[in-house]
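# A structural walkthrough
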Amino acid sequence: MAATRRLANTVAVITISHPPVNALSSSVRHALVKEFGEASRDPKVEAIVLNGSGRKFSAGADIREFGTSAIKTVSLEDINSTIEASQKPVVAAIEGIALGGGLELALACHYRVADIQAKVGLPEVLIGILPAAGGTQRLPRLIGVPAALDVIVRGRHIPASEALKLGIVDEVVQGNALDAAIQLARKVIGYPLNKKRLSTVRISSDSNLEDFLDTAVEKAKKQFRGAKAPLACIEAVRASVHLSYHQGLEKERQLFFSLWATGQPQAQQYAFFSEREAGKWTHSSGARWDTEEAKPIRTAAVIGLGTMGRGIVISLSKAKIPVIAIEQDAQQLEVGKKAVNSLLEREAEKLKQQGSVPSSNLGSVHFTLDFGELQDVDLVIEAVYENMELKKEIFRKLSSVCKPDAFLCTNTSGLNVDEIASVTHRPNQVIGTHFFSPANIMRLLEVVRGQQTSLTAIATAMNLGKKLGKVAVLVGNCPLFVGNRMLGPYLEQASYLLEEGYYPEEVDQAMEEFGFAMGPFRMMDLAGLDVGWRSRTEKGLTGAKVPQGTPARQRLGSRYSPLADILCESGRFGQKTGRGWYQYEKPGGRTGKPDPWVKDFLQKYRKTHQIKQQPSNPEQIVERCAFALANEGFRILEDGIASCPEDIDVIYNNGYGWPKYRGGPMYYASSVGLPKVLDTLEKYYKANPDVPSMKPAFLLKKLAALGGPPIKEWRTQVGKPVNKL
Ligand SMILES: CCCCCCCCCCCCC[C@H](O)CC(=O)SCCNC(=O)CCNC(=O)[C@H](O)C(C)(C)COP(=O)(O)OP(=O)(O)OC[C@H]1O[C@@H](n2cnc3c(N)ncnc32)[C@H](O)[C@@H]1OP(=O)(O)O
């Protein structure tokens, strides 16, 4: 049943019923037309209340209907116009969520009542479109252009208390929003409705408003780098200022179609559903997210209070999980404690502003040096720096101190989880939880299953990820897992491009124009060049362990770029030392400028090694870097380290600044066309047989030979996941 109607005295209550989120599918829209029509015609009905079943108003249009003929049947805006024109007052009772088309429906009602837990918003921009059922025209008429623009362009979910302040809702109640809405409906029977019909409101324009909109366009171009939806949102809101409501609607509709034609909405909607699918993990044994039970995590501990550990503590605390935080000595504990407390104060302040009580919404944090205090915790996350011996020492201790059913997680970014587990008496309880920095902000969590990790441990870690508000993706155990493993060939290509004549700022600019949050060289400077240098030194790729007579640009018969090593040997570690691929205003500075030293160094280097220079071609930069990423992605699929291309894309979209409007590296490869990707890689590899990472992956060849099937069909070609270690 898509919608039901009942009578509460003279008030008709129409309830949208389409679990789990009451998306406004074609059948819901048909049902709304029918129920609303009958209520309007029923002489016993004097007012109408609209609500959603399951304590959720509505999550908006049914996203799965876009691109199908279903979206064309019964327009949501036609329903909205009918509701707004009703002679009987209509009140929206908003429980849980009113998002996208859900809020647009509520805006067409004459009054809105929300419960204190509810969130409202127009998040269409996050799936590549704009509110297209009158939202861009009604909201500015209700709350003014600046506030509406902020809501529409950022797409954020607004808590009820803020929605009340902004004027989006008329009333917020602690108790039952439906009862309050029925009460309000009764009260307003007979009141004039004209002023409540938002489409009739006029917005007065002045030059300040025009300047404001122009500035918003410039800001959005910088902030959203290539994403078209935010700009379309601004244009639609601009139309609300200059045009009549109906002309504005027409503009909204045109903008919707022109966005659709860019392909960005399809990529972002693929990204939306891929994130949801990532939670539905499967295991080679046949076990799945819905067959395995997660254990509850009532208490947790974090070992190590560096940047990563601090972020993890905050994440746990925000999920109301009490945490014990451990450091190795009193001084480091004190430094960590200060940093954590200051972050917690900020979180408490945010909660207060939202009208919540911090003490009941943040888990407590207890600081100690004593491992003995961990004997009762349900789960421990080790977050010390990347050193296998140190990690093993900690896991030995944890294995003897923690209760037998406690889960032991390592926040390694690429070390062997099985080796770490091997020093414990419970390898089945050991699992990798690879957070991304800053861990209290970044949404991605790679959950790394070891050979012996139990299904319960997997279910528990994946569930914890969800509880922390992360997108958790289950991956296999191989050096560097998925995200960092793919970075290898990408960064390799970036370095080769410098050898061949480009400068860091040119490569970064090309990748940032492609949509990356940060080009490869800015990213390396931010992360610290010394991290990779240390690892290459340990592997004998640079430093004293390199055998005498090894050519400078070759290792183990393959091409090697020593550029980053040379920078590190000169003390250039990136932002932290004020010098790296760029120069910064001071050590720790954030604003990088092209560095004449780097330019001079590269010119000399190319001369010394007599490297043939490439003519400048930004397209080639993007192709080489993006295809190198995707090619490694295909290998990861072959190896069973990721179980589907969607998981890889979720990792890149949420952890590596890949532009969501391009779907992810695998979606991008698919949209460019696998035969083209294969052809480019083949040509490159033929000309550069000493770069094995660019040798086309077997799976890519297989899929290209099948004509490049749609990405959702790749899974069937991948085969059963195996653990490669
Ligand atoms: C192309 C040619 C067209 C020609 C016709 C042109 C006419 C144009 C008319 C357009 C009218 C537009 C109207 C409107 O402006 C557009 C919209 O409303 S777009 C939708 C906006 N809403 C959102 O973006 C909300 C998205 N959802 C969420 O943010 C979250 O899901 C949530 C609602 C906050 C709930 O979060 P959680 O509790 O964590 O749960 P999940 O996220 O796991 O979701 C559970 C389940 O529900 C599915 N789902 C959620 N929202 C939608 C949705 N809007 N449509 C369809 N399905 C949805 C989600 O996928 C999960 O499904 P499952 O994985 O369990 O199968």
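Scoring rules and cut-offs
Residues numbered from 1 in each chain as written. Predicted model: local features only at pLDDT ≥ 70, side-chain atom pairs only at ≥ 80, totals over all residues. Heavy atoms only, no water. UniProt positions renumbered as here; feature names shortened; annotations may be inferred. Helix = DSSP H or I, 4+ residues; strand = E, 2+ residues; numbered from the N terminus. Rg over C-alpha atoms; globule rule 2.2 N^0.38 Å. Buried < 20%, exposed > 50% of the residue type's maximum accessible area, 1.4 Å probe, protein only. Contact = heavy atoms within 4.5 Å. Areas by Shrake-Rupley, 256 points an atom, 1.4 Å probe, with all protein chains shown as cover. Lys, Arg positive; Asp, Glu negative; His and termini not counted. Charge placed at Lys NZ, Arg CZ, Asp CG, Glu CD. Near = heavy atom within 4 Å. Polar contact = N/O pair within 3.5 Å; in protein donor to acceptor, adjacent residues only side chain to side chain. Nonpolar A, V, L, I, M, F, W, Y, C, P; charged D, E, K, R; others polar.

If you check an unreviewed UniProt entry, the protein appears there as Peroxisomal bifunctional enzyme from Pyxicephalus adspersus. For the record of the protein, the UniProt heading Subunit (unreviewed entry) holds the text "Monomer." You can read under Pathway (unreviewed entry) in the UniProt record for the protein the words "Lipid metabolism; fatty acid beta-oxidation."

The next thing to look at is the overall build of the protein. Per the secondary structure count, the protein includes 29 helices and 21 strands. A compact globule built from 725 residues should have a C-alpha radius of gyration of about 27 Å, and the protein, at 28 Å, falls within 12% of that. Reported as C-alpha extents along the three principal axes, the dimensions of the protein are approximately 95 × 60 × 50 Å. Per-residue burial over the protein gives 55% buried out of 725 residues. At a minimum sequence separation of 6, the contacts of the protein that also span at least 24 residues come to 72%. As displayed, the protein offers around 31200 Å² of accessible surface, 53% of which is attributable to carbon and sulfur atoms. Of the side chains in the protein, 90 bear a positive and 77 a negative charge, and the two mean positions are spaced by 1 Å.

A few words on the UniProt feature "domain: 3-hydroxyacyl-CoA dehydrogenase C-terminal" (unreviewed entry) in the protein. Mapped onto this numbering, the UniProt entry annotates "domain: 3-hydroxyacyl-CoA dehydrogenase C-terminal" (unreviewed entry) at residues 481-584 and 621-707. This span, residues 481-584, is 51% helix and 6% strand, and a straight line between its end C-alpha atoms measures 32 Å. Secondary structure content for residues 621-707 is 68% helix and 0% strand, while the C-alpha to C-alpha distance between its ends is 26 Å.

With that settled, consider the side chain of Gln493. Among the secondary structure elements, Gln493 is positioned in helix α18 (residues 483-499). When its relative accessible area of 0% is taken as the criterion, Gln493 is described as buried. Dropping the residues within four chain positions of it, Gln493 is found in contact with Arg624, Cys625, Ala628, Tyr684, Val691 and Met694.

The next thing to look at is the UniProt feature "domain: 3-hydroxyacyl-CoA dehydrogenase NAD binding" (unreviewed entry) in the protein. Residues annotated in UniProt with the feature "domain: 3-hydroxyacyl-CoA dehydrogenase NAD binding" (unreviewed entry) correspond here to residues 300-477. Taken end to end, residues 300-477 is 40% helix and 21% strand, and its two terminal C-alpha atoms sit 24 Å from one another.

Attention now goes to the site of the ligand. Taken together, 31 residues are adjacent to the ligand, and Gly101, Glu104, Glu124, Arg276 and Lys280 come closest. Within the backbone of Ala61, a nitrogen or oxygen atom sits 2.8 Å from an oxygen atom of the ligand. Within the backbone of Gly101, a nitrogen or oxygen atom sits 2.7 Å from an oxygen atom of the ligand. Considering the ligand on its own, with 1300 Å² of exposed area, one finds that the protein chains cover 79% of that surface. Residue assignment for the shell around the ligand shows that the elements contributing at least two residues are β5 (97-99), α3 (101-108), α10 (245-262) and α11 (264-278). Considering every element that reaches the shell around the ligand, the biggest residue donor is α10, with four residues. Per-class residue counts for the shell around the ligand are 19 nonpolar, five polar and seven charged.

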